[in-house]
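In case you want the letters, here they are:
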Amino acid sequence: MFEEFKKFALKGNVLDLAVGVIIGGAFGKIVSSLVGDIMMPLIGLISGGVDFSSLMYTYNKTQIKYGSFIQTVVDFLIISISVFFFIRLINRLSFRKKEVEEAKPVVPTKEEALLIEIRDLLKEQVSNQKGIS
């Protein structure tokens, strides 16, 4: 059972996924700081000094913290937009790389060059025979 788990855990896809989760967690913290420390205060400043994180509605000693929810939604939107642009950038770079590879002139192998020469000689013989008849 341990050997089977070791084979599973050391597969490339699992390791790639683990690295992605760790980087995603760190990226999430960066975006959370961006939203909480920069974006939301700016939005609060524009909206007249409202601090969204402290917005709440109290009803019978129950607090409904809708400001925290607004901040979480903004956090999600910024993360999703950031990931979208990052994936878009990677796709463009990957697409350009494919274009460069396709744009390279195809150099025929020695066998292909010999076959092309034989084909051209046969075409020449056929055209010469048509001219004689």
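In this text the structure is predicted, and so the values were computed from the model without any measurement.

So, the overall build of the protein chain
Of the regular secondary structure elements, the protein chain holds four helices and two strands. Across the protein chain, the fraction of contacts at a sequence separation of at least 24, relative to all contacts at a separation of at least 6, is 41%. Of the accessible surface of the protein chain, which amounts to about 11800 Å², a share of 67% is contributed by carbon and sulfur atoms.

Points about the UniProt feature "transmembrane region" (unreviewed entry) in the protein chain
With numbering aligned to this structure, UniProt lists the feature "transmembrane region" (unreviewed entry) at residues 12-31 and 69-90. Each end of residues 69-90 is marked by a C-alpha atom, and these two atoms are 31 Å apart; helix forms 100% of the span and strand 0%.

Quick look at the packing of aromatic side chains
Inspection of every chain in the model, using the stated rule, returns one aromatic pair. Measuring from ring centre to ring centre gives 5.3 Å for Phe84 and Phe85, while their planes differ by 65 degrees; the resulting arrangement is edge-to-face. When its relative accessible area of 46% is taken as the criterion, Phe85 is described as partly exposed.

Observations regarding unusual backbone geometry
Its identity as a non-glycine residue notwithstanding, Asn60 has a phi of 50 degrees, on the positive side. Along the chain, Asn60 turns up in the loop between β1 (57-59) and β2 (62-64). A relative accessible area of 62% places Asn60 in the exposed class. The phi angle at Lys61 is positive, at roughly 65 degrees, despite the residue not being glycine. Structurally, Lys61 is set in the loop between β1 and β2. Using a relative accessible area of 84% as the deciding quantity, one classes Lys61 as exposed.

Focus on the nonpolar core
Residues Val31, Val35, Met40, Phe52, Val74 and Ile78 constitute the largest nonpolar core, which totals six residues. Where this core is concerned, the elements lending two or more residues are α2 (12-46) and α3 (66-103). In terms of residues, this core owes the most to one element, α2, which gives three residues. Among residues more than four places away in sequence, those in contact with Val74 are Val35 and Met40.

Remarks on the pattern of salt bridges
Applying the stated criterion to the full structure yields one salt bridge. Among the ionic pairs, Arg119 bridges to Asp120, the shortest N-O distance being 3.3 Å. Its relative accessible area of 42% is what places Arg119 among the partly exposed residues. Exposure remark for Asp120: the relative accessible area of 37% places this residue in the partly exposed category.

Structural notes on a nonpolar patch on the surface
On the surface, a nonpolar cluster with roughly 730 Å² of combined accessible area is contributed by Phe69, Val73, Phe76, Leu77, Ile81, Phe84 and Phe85. Topologically, Val73 is positioned in helix α3.

Reading the values: the criteria
Residues numbered from 1 in each chain as written. Predicted model: local features only at pLDDT ≥ 70, side-chain atom pairs only at ≥ 80, totals over all residues. Heavy atoms only, no water. Helix = DSSP H or I, 4+ residues; strand = E, 2+ residues; numbered from the N terminus. Contact = heavy atoms within 4.5 Å. Areas by Shrake-Rupley, 256 points an atom, 1.4 Å probe, with all protein chains shown as cover. UniProt positions renumbered as here; feature names shortened; annotations may be inferred. Phe/Tyr/Trp six-rings, centres within 6.5 Å; stacked < 30°, edge-to-face > 60°. Buried < 20%, exposed > 50% of the residue type's maximum accessible area, 1.4 Å probe, protein only. Core = buried A, V, L, I, M, F, W, Y, C linked by side-chain atoms within 4.5 Å. Salt bridge = Lys/Arg side-chain N within 4 Å of Asp/Glu carboxyl O. Patch = residues over 30% accessible without salt bridge, like charges linked within 9 Å, V, L, I, M, F, W, Y side chains within 5 Å.

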